[in-house]
Amino acid sequence: MGKEESNLVKELKHKSRRCSIREGIFASGKTAFGDHYLSPFAIAINSSNFMVALLGSISGLLGPISQIFSSRLLEKYSRKRIVMKAVFFESLIWIPLILIAFLYYRGVLVNSLPYIFLFIYSIYVILMNISAPPWFSWIGDIVDADYRGRWFSKRQIITSFVSGTLAVAASFFLGYAKGNGWIMIGFIILFSFAFIFRLLSWKTFQKQYEPKIKLKKGYYFSFWDFIINSQKTNFVNFTIYRTLFSFATAISSPLVAV
């Protein structure tokens, strides 16, 4: 019976890995048609340079805070449940973004729309980051350690190719829309595709198997524990390097879109 269970789990993991690649393709579609064009959209609705820069700041601030909160949810709820709820509501966020584009096109609340967009974007960042820690934990249990690096490389190659190809196609489409004077219609169409792709991503998550999580005793450590033990692990050195690198790039990156 134990061997049969083991074979069943292996088969479920294999199917889940294939589902995860499909889910990654759908998520790449959402990124290509949606995420890549949020800053250009902010500029198109006459957001100030300061507000466009805030998009990057909000992502860098609210994102990590949301992930800290999300990592503690693993103690109470299943990873699949957390991911699916976050992704579902994340997909719904594209509806008010489409509405903002429509209102701007119709000339309604034009002066207020940049502030509304900033608020909705903040919620989007929170939802997007809530799903990250449980997803990485979940997928880490589905992919065996022996070929984890190879599998993630394969998934990344596929999703990056899809995202890049669709983003270039979207840029040509948006350029055509702008040239014909219906840029907001172009954004409405792109964001509609982002909504559909993220919804398909959510549907794909339903088919993935979730192994039971095993939290080791004493797995959690506070920020101060991290500082106190800073000389005992290379992970801390990597974290310090990553922090300084992010600090340097964050000075200019929010204004690249402008």
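Since the structure is predicted, the reported quantities are computational estimates derived from the model, not experimental observations.

Further remarks concern the overall build of the protein. Looking only at helices and strands, the protein features 11 helices and zero strands. Put simply, the protein runs from its N terminus to its C terminus through helices and strands in the order α-α-α-α-α-α-α-α-α-α-α. Looking at the protein residue by residue over its 258 residues, the buried ones come to 38%. Within the protein, residue pairs in contact and separated by at least 24 positions form 85% of the contacts whose partners lie at least 6 positions apart. Surface exposure of the protein reaches about 15,400 Å², of which carbon and sulfur atoms provide 66%.

Before going further, it helps to examine the packing of helix α5 (residues 94-106) against helix α6 (residues 113-130). Look at α5 against α6: their axes get within 10 Å of each other, and the N-to-C directions meet at 170°. Relative to α6, the element α5 is oriented roughly antiparallel. Listed contacts from α6 to W94, P96, L97, I100, L103 and Y104 of α5 are L113, I116, F117, I120 and Y124. Broken down by class, the residue content of the contact of α5 with α6 amounts to 11 nonpolar, no polar and no charged.

Once that is clear, we can look at the pattern of salt bridges. If you walk through the whole model with that rule in mind, you get nine salt bridges. Here E23 makes a salt bridge to R155, at a shortest N to O gap of 2.9 Å. Of the two residues, E23 is situated in helix α1 (residues 2-33) and R155 in helix α8 (residues 148-179); the sequence distance between them amounts to 132 residues. Of the two residues examined, E23 and R155, each falls in the buried class.

With that out of the way, let us pick up helix α3 (residues 49-73). Look at α3: 36 Å from first C-alpha to last across 25 residues, which is about the 36 Å you get at 1.5 Å a residue. Its axis deflected by about 25° at S57, α3 carries its strongest bend there. If you check which residues of α3 are buried, you get M51, V52, A53, L55, I58, G63, S66, S70 and L73. Buried-residue contacts for α3 involve α2 (38-44), α4 (79-92), α6 and α7 (132-142).

Moving on to the nonpolar core. Generally speaking, nonpolar side chains in soluble globular proteins are found buried as a group. With 35 residues, the main nonpolar core has L38, F41, L97, I100, F117 and F191 as its most contacted residues. For this core, the secondary structure elements donating two or more residues are α2, α3, α5, α6, α8 and α9 (183-205). The element best represented in this core is α6, accounting for eight residues. Every residue in contact with F191, bar those within four places of it in the chain, is listed here: F33, G34, Y37, L38, F41, W94, L97 and I98. Listed in part, the 12 residues of the second largest apolar core include W135, W138, W202 and F205.

A residue-level look at the protein finds 89% of positions with pLDDT of 70 or above and a mean pLDDT of 86. α5 holds the highest mean pLDDT among the elements of the protein, 96, whereas helix α10 (residues 223-228) holds the lowest, 65.

The full count for this structure, using the stated rule, is 20 aromatic pairs. Their ring planes at 70° and their centres at 5.5 Å tell us that F88 and F89 sit as a pair that is edge-to-face. Residue classification places F88 among the partly exposed positions, given a relative accessible area of 27%. For F89, a relative accessible area of 44% gives the class partly exposed. A connected cluster of aromatic rings, assembled from ring pairs, spans F41, W94, F117, Y121, Y124, F187 and F191.

Calculation notes
- Residues numbered from 1 in each chain as written.
- Predicted model: local features only at pLDDT ≥ 70, side-chain atom pairs only at ≥ 80, totals over all residues.
- Heavy atoms only, no water.
- Helix = DSSP H or I, 4+ residues; strand = E, 2+ residues; numbered from the N terminus.
- Buried < 20%, exposed > 50% of the residue type's maximum accessible area, 1.4 Å probe, protein only.
- Contact = heavy atoms within 4.5 Å.
- Areas by Shrake-Rupley, 256 points an atom, 1.4 Å probe, with all protein chains shown as cover.
- Axes fitted to C-alpha atoms, helices over the stretch in contact; angles between N-to-C directions.
- Parallel < 35°, antiparallel > 145°, perpendicular 65-115°, else oblique.
- Nonpolar A, V, L, I, M, F, W, Y, C, P; charged D, E, K, R; others polar.
- Salt bridge = Lys/Arg side-chain N within 4 Å of Asp/Glu carboxyl O.
- Expected span 1.5 Å × (residues − 1).
- Bend = angle between axes of the 7 residues up to and from the residue.
- Core = buried A, V, L, I, M, F, W, Y, C linked by side-chain atoms within 4.5 Å.
- pLDDT = per-residue confidence, 0-100.
- Phe/Tyr/Trp six-rings, centres within 6.5 Å; stacked < 30°, edge-to-face > 60°.

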